[in-house]
Amino acid sequence: MTTLFDSIKVGALTLPNRMVMAPLTRGRAESDGTPTEIMVEYYRQRATAGLIISEATSISPFGVGWVNAPTIFKPEDITNWQTVTDAVHQAGGRIFLQLWHMGRVSHPDFLNGQQPVGPSAIAAIGDAHTPLGKKPYVTPRELTVEEIHATVADYATATKNAREAGFDGVEIHGANGYLIDEFLRDSANQRNDEYGGTIQNRVRFMLEVVEAVVSAWSADRVGIRISPVNPYNDMSDSDPIGLFTYAAEQLNKFQLAYLHVLEGLPGSAMAGPEPRVTPHIRRTYNGILMVNGGYNQELGAEALENNEADLIAYGTLFIANPDLVERFRKGTSLNTPDSHTFYTPGEKGYIDYPALTAVA
Ligand SMILES: Cc1cc2nc3c(=O)[nH]c(=O)nc-3n(C[C@H](O)[C@H](O)[C@H](O)COP(=O)(O)O)c2cc1C
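The structure displayed is predicted, hence computed values, not measured ones. Here, residues in each chain are numbered from 1, in the same order as that chain's written sequence. The predicted origin of the model limits local features to residues at a pLDDT of at least 70 and limits the giving and counting of side-chain atom pairs to 80 or more, whereas totals for whole chains, interfaces and linings rest on all residues. Note: side-chain values were computed over all heavy atoms of the structure, leaving out hydrogens and water.

Colleague: Please explain the overall build of the protein chain as it appears in this structure.
Modeller: Secondary structure follows DSSP: runs of H or I at least 4 residues long count as helices, runs of E at least 2 residues long count as strands, and numbering of each begins at the N terminus. Assigned secondary structure in the protein chain consists of 11 helices and 14 strands. Radius of gyration: over C-alpha atoms. The globule rule applied is 2.2 Å multiplied by the number of residues raised to the 0.38 power. Relative to its length of 360 residues, the protein chain is compact, with a C-alpha radius of gyration of 19 Å against a globular reference of 21 Å. Its C-alpha atoms give the protein chain principal-axis dimensions of about 60 × 45 × 35 Å. Classification of residues uses two cut-offs on accessible area relative to the type maximum, computed with a 1.4 Å probe and protein chains only: under 20% is buried, over 50% is exposed, and between them is partly exposed. Relative to its 360 residues, the protein chain shows a buried fraction of 59%. The contacts of the protein chain with a sequence gap of at least 6 include a subset with a gap of at least 24, amounting to 71%. By definition, residues are in contact when any of their heavy atoms lie within 4.5 Å.

Following this line, the structure appears as structure tokens:
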């Protein structure tokens, strides 16, 4: 019987357990995206996770759009992230960088007044949180085919930077209404060229990014995250099962380190609609499957036992419990995440959640 505490080979790595720290934007970088000292301590504290996936990190100046989120395109980003990866490795951990382009949900305030870009000129309903306050999302400019190719190349460059910065791999952020997801789902993609229309066409951009990232490093150092039914950022699709089953089938050919699916469990705060898409993906996808969205210890253990997944990613629980693995192992109580400090600057709610040894 597989448990959360069993080791597993994931691409080029062997993880000591199956508990992954989900990618979590925390807004603690400098305003220009430079990683900071407290980020070093935050990730070091969580090094006992089987794998850490970093917060979403912008691959290009046009991919930015979140206050104090980090970047991986400036030369100094490489040296600054290196202090994070060194600290995690010295503490015995492993860390992937999440590659991020925000697409249409960026805002001119982040882009020197320029319009954000997307697959189609369709604005998301909602507000961007810009350095100048909350502002409604604007209508993006539709990317040309030439610009699509240039953006794919940006993913490859960012991957090389992540490798140089000492990361163990990269996770392509294909979830949550950002650029790749905007191409995938038909509420945001209404192109009528080879990147829009049919499912095959809407998956094309994602596959080109995967191809470029794999070529820039190695398939066993690359994972990808998708979120078939997450409505966040005003997203929806007319046939999520058809779309994401096809996407999973196409991903088989790359032999990636893993496929990561965010689909909230029924009854959780992140619950998605029924029928669930993940069981279809499990049947179609041949490689390592990571699931996320509303799991606790019991539900994670159950999913592994029932062979619904190979890895469980925990988000909010890792925010509040740097030593989540030890707490699960010992069956001790958990700290409660404080959502008021999820994105606020400074140490509070970031590096001050106590570990068990500190409590003792
Ligand atoms: C504060 C916060 C920041 C997040 N940032 C990211 C992110 O950078 N990239 C991403 O793919 N998902 C992000 N998510 C989603 C989480 O990775 C995860 O899917 C979500 O918390 C559900 O998992 P959980 O029920 O274990 O918390 C974020 C969620 C929260 C609460």
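Colleague: What's the story with the packing of aromatic side chains in this structure? I'm lost.
Modeller: How two aromatic rings sit relative to each other is set out by the distance from centre to centre and by the angle between their planes. To pair, rings of Phe, Tyr and Trp, with the six-membered ring standing in for Trp, must have centres within 6.5 Å; the planes then decide the type, stacked if under 30 degrees apart, edge-to-face if over 60, and tilted in the middle. On inspection of all chains with the given rule, the structure shows 13 aromatic pairs. Geometrically, the ring pair formed by Trp66 and Tyr343 is tilted, given 5.3 Å between the ring centres and 50 degrees between the ring planes. A residue pair is termed long-range when its members are at least 10 positions apart, and Trp66 in the loop between β4 (51–58) and α2 (75–90) and Tyr343 in the loop between α10 (324–330) and α11 (356–359) qualify at 277 residues. The class of Tyr343 is partly exposed, set by a relative accessible area of 47%. Measuring from centroid to centroid gives 5.3 Å for Trp100 and Tyr178, while their planes differ by 90 degrees, and the two rings are edge-to-face.

Colleague: Which parts of the structure should I look at to understand the site of the ligand?
Modeller: In the neighbourhood of the ligand, 19 residues make up the surrounding shell, with Pro23, Thr25, Arg225, Asn292 and Thr316 lying closest. Between the ligand and Asn292, the relevant distance is 2.5 Å, taken from an oxygen atom to a side-chain nitrogen or oxygen of the residue. Under the convention used here, a 1.4 Å probe and the Shrake-Rupley method define accessible areas, while residue burial counts only the protein chains that appear. When the ligand sits alone it has 610 Å² of accessible area, and the protein chains cover 89% of it. Grid points spaced at 1 Å over the protein atoms alone were grouped into cavities, where a 1.4 Å probe fits but cannot get out, and pockets, open sets with protein on both sides within 12 Å along at least five of seven lines, with lining residues defined by an atom within 4 Å of a point. Should more than half of a molecule's atoms lie within 2 Å of a pocket's or cavity's grid points, that molecule is taken to sit in it. Comparing atom positions with the cavity grids shows the ligand to sit within the largest pocket. One heavy atom within 4 Å of a molecule or strand is enough for the residue carrying it to be called near that molecule or strand. Polar contacts here mean pairs of N or O atoms no more than 3.5 Å apart (in protein, one a potential hydrogen donor and the other a potential acceptor; neighbouring residues in sequence count only if both atoms are side-chain atoms).

Colleague: How should the nonpolar core be read in this particular structure?
Modeller: One broad trend across soluble globular proteins is that nonpolar side chains are buried collectively. To form a nonpolar core, buried Ala, Val, Leu, Ile, Met, Phe, Trp, Tyr and Cys residues must be joined to one another through side-chain atoms within 4.5 Å. Membership of the largest hydrophobic core comes to 90 residues, with the highest contact counts inside it found for Phe205, Met206, Leu251, Leu259, Ile281 and Tyr314. Considering each element in turn, this core owes the most residues, 11 residues, to helix α5 (residues 199–216). Aside from chain neighbours lying at most four places away, what touches Leu251 is Met206, Leu207, Val210, Ile224, Leu256, Leu259 and Tyr285.

Colleague: For this particular structure, what's the right way to read unusual backbone geometry?
Modeller: The phi angle of most residues is negative, glycine excepted, and most peptide bonds adopt the trans form. That bond from Glu274 to Pro275 is cis: its omega, -5 degrees, falls within 30 degrees of zero. At Asn176, a residue that is not glycine, the phi angle is positive and equals roughly 60 degrees. Relative to the assigned elements, Asn176 resides in the loop between β10 (169–174) and α4 (179–184). Of the residues examined, Asn176 reaches a relative accessible area of 12% and is grouped as buried.

Colleague: Help me understand the pattern of salt bridges in this model?
Modeller: A side chain with one charge can pair with a side chain of the opposite charge if their charged atoms come near. Salt bridges are defined as contacts in which a side-chain nitrogen from Lys or Arg sits within 4 Å of a carboxyl oxygen from Asp or Glu. Across all of its chains, the model carries 12 salt bridges by this definition. In this structure, Asp237 engages Arg202 in a salt bridge whose closest nitrogen and oxygen atoms are separated by 3.0 Å. Remark: Arg202 occurs in helix α5 and Asp237 occurs in the loop between β11 (222–226) and α6 (240–251); sequence separation between them is 35 residues. The pair Asp237 / Arg202 is uniform in exposure class, with both members buried.

Colleague: Just to check I follow, could you spell out α5 for this structure?
Modeller: An α-helix turns once per 3.6 residues; consequently, residues spaced three or four apart project the same way. To estimate how far a helix should reach, multiply one less than its number of residues by 1.5 Å. The terminal C-alpha atoms of α5 lie 26 Å apart, and with 18 residues this matches the ideal 26 Å at 1.5 Å per residue to within 8%. One fitted axis covers the seven residues ending at a residue, a second covers the seven starting there, and the bend at that residue is the angle between these axes. At Phe205, α5 shows its strongest bend, of approximately 35 degrees. Burial analysis of α5 places 13 of its 18 residues in the buried class, which makes it a mostly covered element.

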